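# Structural overview
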Amino acid sequence: MSAFRKRAKRKFVSEINVVPYIDVMLVLLVVFMVTAPLLMQGIKVDLPDAPSKPMEDTNEEPLIVSVRADGSYYLNLGKDEKQAKPLTEIKETVAKVLRQKPKTPVLVWGDSEAHYGLLVELMTQLQQAGAPSVGLVTEPPRQ
């Protein structure tokens, strides 16, 4: 009987050791910090520098059409976003998306070396596809 009483006198520890949870949280923070820049989608273009205001935040994911200096067009939609597409195909795809989600913002990433005519033609086609306004993406001026 005395062995039973010794066990009964022990108190349970009701503390939670949070050190392992903090370690896991810090590892996840580092992983997200490393992968966040990799999530930037689209084709690499040299954007022109211009002082401009940032866009309003919307919940919709924007459609981004990129124009390289060689005149090739890219759309950040689907599996083959890094493959050049003809302008007619981009127009049809943008029209389909805008019919489903009319408030989707449409942005153009135009290379600073791209000809002005390429950008004007692209913007005309995007407006014909149903985009009420087309935004031009620029870099802030370097100081």
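Now for a quick tour of the structure. (Residues numbered from 1 in each chain as written. Predicted model: local features only at pLDDT ≥ 70, side-chain atom pairs only at ≥ 80, totals over all residues. Heavy atoms only, no water.)

## Concerning the nonpolar core
What counts, and what does not: For this analysis, a nonpolar core means a set of buried residues of the types Ala, Val, Leu, Ile, Met, Phe, Trp, Tyr and Cys, connected via side-chain atoms within 4.5 Å. Each residue gets one of three labels from its accessible area relative to the maximum for its type: buried under 20%, exposed over 50%, partly exposed in between, using a 1.4 Å probe on protein chains only. Secondary structure elements are taken from DSSP: a helix is a run of H or I of four residues or more, a strand is a run of E of two residues or more, and numbering for both begins at the N terminus. Note on contacts: a residue pair qualifies if any of its non-hydrogen atoms lie within 4.5 Å across the two residues.
Core analysis: the biggest nonpolar cluster contains 19 residues, and Val-94, Val-106, Leu-122 and Leu-126 have the highest contact counts within it. Broken down by secondary-structure element, the contributors of at least two residues to this core are β1 (63-67), β2 (73-75), α3 (87-100), β3 (106-110) and α4 (116-128). For this core, the leading source of residues is α3, giving five residues. Setting aside chain neighbours within four positions, we find Leu-122 in contact with Val-65, Val-67, Tyr-73, Leu-87 and Val-108.

## Section: the packing of α3 against α4
The condition is simple: Orientation is described by lines fitted to C-alpha atoms, with helices fitted over the stretch in contact, and by angles between N-to-C directions that extend from 0 to 180 degrees. Whether a crossing is left-handed or right-handed is set by the direction in which the near helix is turned from the far one by less than a right angle, anticlockwise for left-handed and clockwise for right-handed. When residue character is reported, Ala, Val, Leu, Ile, Met, Phe, Trp, Tyr, Cys and Pro are called nonpolar, Asp, Glu, Lys and Arg charged, and the others, Gly included, polar.
Contact pair α3 / α4: the axes reach a minimum separation of 9 Å and the direction vectors enclose 35°. Between α3 and α4 lies a crossing of right-handed hand. Facing α3, whose interface residues are Leu-87, Lys-91 and Val-94, α4 presents Glu-121, Leu-122, Gln-125, Leu-126 and Gln-128. Classifying every residue of the contact of α3 with α4 by side-chain character gives four nonpolar, two polar and two charged.

## Looking at a nonpolar patch on the surface
The test is simple: Patches draw on residues past 30% relative accessible area with no salt bridge. Two like charges within 9 Å are joined, as are two nonpolar side chains (Val, Leu, Ile, Met, Phe, Trp, Tyr) within 5 Å. Calculation of accessible area relied on Shrake-Rupley with a 1.4 Å probe; when residues are assessed, cover is drawn exclusively from the protein chains displayed. What counts as a salt bridge is simple: a side-chain nitrogen of Lys or Arg found within 4 Å of a carboxyl oxygen of Asp or Glu.
Residues Ile-16, Val-18, Tyr-21, Ile-22, Met-25, Leu-26, Leu-29 and Met-33 make up a contiguous nonpolar surface patch of about 850 Å² in total accessible area. Its place among the elements puts Met-25 in helix α2 (residues 19-35).

## Description of the environment of Ala-84
Locating Ala-84 in the fold gives a position in the loop between β2 and α3. On the basis of relative accessibility, which here comes to 43%, the residue Ala-84 falls in the partly exposed class. Sequence spacing of Ala-84 and Val-67 is 17 residues, and the spatial spacing of their C-alpha atoms is 9.4 Å. Once residues within four sequence positions are removed from consideration, Ala-84 is found in contact with Ser-72, Tyr-73 and Tyr-74.

## Brief notes about the environment of Val-106
By the secondary structure assignment, Val-106 is in strand β3. Spatially, the C-alpha atoms of Val-106 and Ala-131 are 6.8 Å apart, while their sequence positions differ by 25 residues. The residues touching Val-106, leaving out its near neighbours within four places in the chain, are Leu-63, Leu-98, Leu-126, Ala-131, Ser-133, Val-134 and Gly-135.

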